[in-house]
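# Fold and geometry: a report
The primary structure of each chain is shown beneath.
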Amino acid sequence: MADYHSIITLEPGKRGGQPCIRGLRITVQDVLQWLAGGMDIDEIVSDYPELTREDVLACLAFAADRER
């Protein structure tokens, strides 16, 4: 499982305190919704070049830990 601790950030004033990716304004929820909507990792990274494959996998790992 990807280590998300250095990728997923929480900042109270940004996006309502939601978990974001590396301080960007892209949230874990955004990425999960794109995946649930049928986008694959390559499409997400292509549409959002500021993201990496590792970022997307970190979102999945973060969500899996939250569900544990």
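Given the structure is predicted, the values throughout are model-derived calculations rather than measurements.

A tally of helices and strands in the protein chain yields three helices and two strands. In terms of overall dimensions, the protein chain is globule-like: its C-alpha atoms have a radius of gyration of 11 Å, near the 11 Å expected for 68 residues. Dimensions of the protein chain, computed from C-alpha atoms along their principal axes, come out at roughly 30 × 25 × 20 Å. Burial analysis of the protein chain (68 residues in total) assigns 34% to the buried set. Partitioning the contacts of the protein chain with sequence separation of at least 6, the portion at a separation of at least 24 is 40%. For the protein chain, the computed accessible surface area is about 4,200 Å², with 50% contributed by carbon and sulfur atoms. Put simply, the protein chain has 7 plus and 12 minus side-chain charges, and the middle of one group is 7 Å from the middle of the other.

The subject of this paragraph is the nonpolar core. Formed by 16 residues in total, the largest nonpolar core has its most connected members in Ile 8, Ile 21, Val 31 and Leu 51. When contributions to this core are tallied by element, the ones reaching two or more residues are α1 (28-36), α2 (41-47) and α3 (53-67). Here Leu 51 is in contact with Ile 21, Arg 22, Leu 24, Ile 26, Val 31, Trp 34, Ile 44 and Val 45, once residues within four sequence places are set aside.

Enumeration over the complete set of coordinates arrives at five salt bridges. Of the charged contacts, one joins Glu 11 and Lys 14 as a salt bridge, the two residues approaching to 3.6 Å between their closest N and O atoms. By relative accessible area, Glu 11 is classed as partly exposed at 32%. The class for Lys 14 is buried, based on a relative accessible area of 18%. Asp 65 is the partner of Arg 68 in a salt bridge, and the nearest nitrogen-oxygen pair spans 2.6 Å.

What follows is about α3. Since the α-helix packs 3.6 residues into each turn, any two residues three or four apart lie on the same face. End to end, α3 covers 22 Å across 15 residues, agreeing with the expected 21 Å (1.5 Å per residue, within 8%). Listed in full, the buried residues belonging to α3 are Asp 55, Val 56, Ala 58, Cys 59, Ala 61 and Phe 62. Check the buried side of α3 and you find it contacts β1 (8-9), β2 (20-21), α1 and α2.

On to the packing of α1 against α3, then. One way to put it is that α1 packs onto α3 with a least axis distance of 9 Å and a crossing angle of 100 degrees. By the criterion of interaxial angle, the relationship of α1 to α3 is roughly perpendicular. Contact residues: α1 offers Val 28, Val 31, Leu 32 and Leu 35, while α3 offers Val 56, Cys 59, Leu 60, Phe 62 and Ala 63. Taken together, the residues of the contact of α1 with α3 break down into nine nonpolar, no polar and no charged.

What counts, and where the lines are drawn
Residues numbered from 1 in each chain as written. Predicted model: local features only at pLDDT ≥ 70, side-chain atom pairs only at ≥ 80, totals over all residues. Heavy atoms only, no water. Helix = DSSP H or I, 4+ residues; strand = E, 2+ residues; numbered from the N terminus. Rg over C-alpha atoms; globule rule 2.2 N^0.38 Å. Buried < 20%, exposed > 50% of the residue type's maximum accessible area, 1.4 Å probe, protein only. Contact = heavy atoms within 4.5 Å. Areas by Shrake-Rupley, 256 points an atom, 1.4 Å probe, with all protein chains shown as cover. Lys, Arg positive; Asp, Glu negative; His and termini not counted. Charge placed at Lys NZ, Arg CZ, Asp CG, Glu CD. Core = buried A, V, L, I, M, F, W, Y, C linked by side-chain atoms within 4.5 Å. Salt bridge = Lys/Arg side-chain N within 4 Å of Asp/Glu carboxyl O. Expected span 1.5 Å × (residues − 1). Axes fitted to C-alpha atoms, helices over the stretch in contact; angles between N-to-C directions. Parallel < 35°, antiparallel > 145°, perpendicular 65-115°, else oblique. Nonpolar A, V, L, I, M, F, W, Y, C, P; charged D, E, K, R; others polar.

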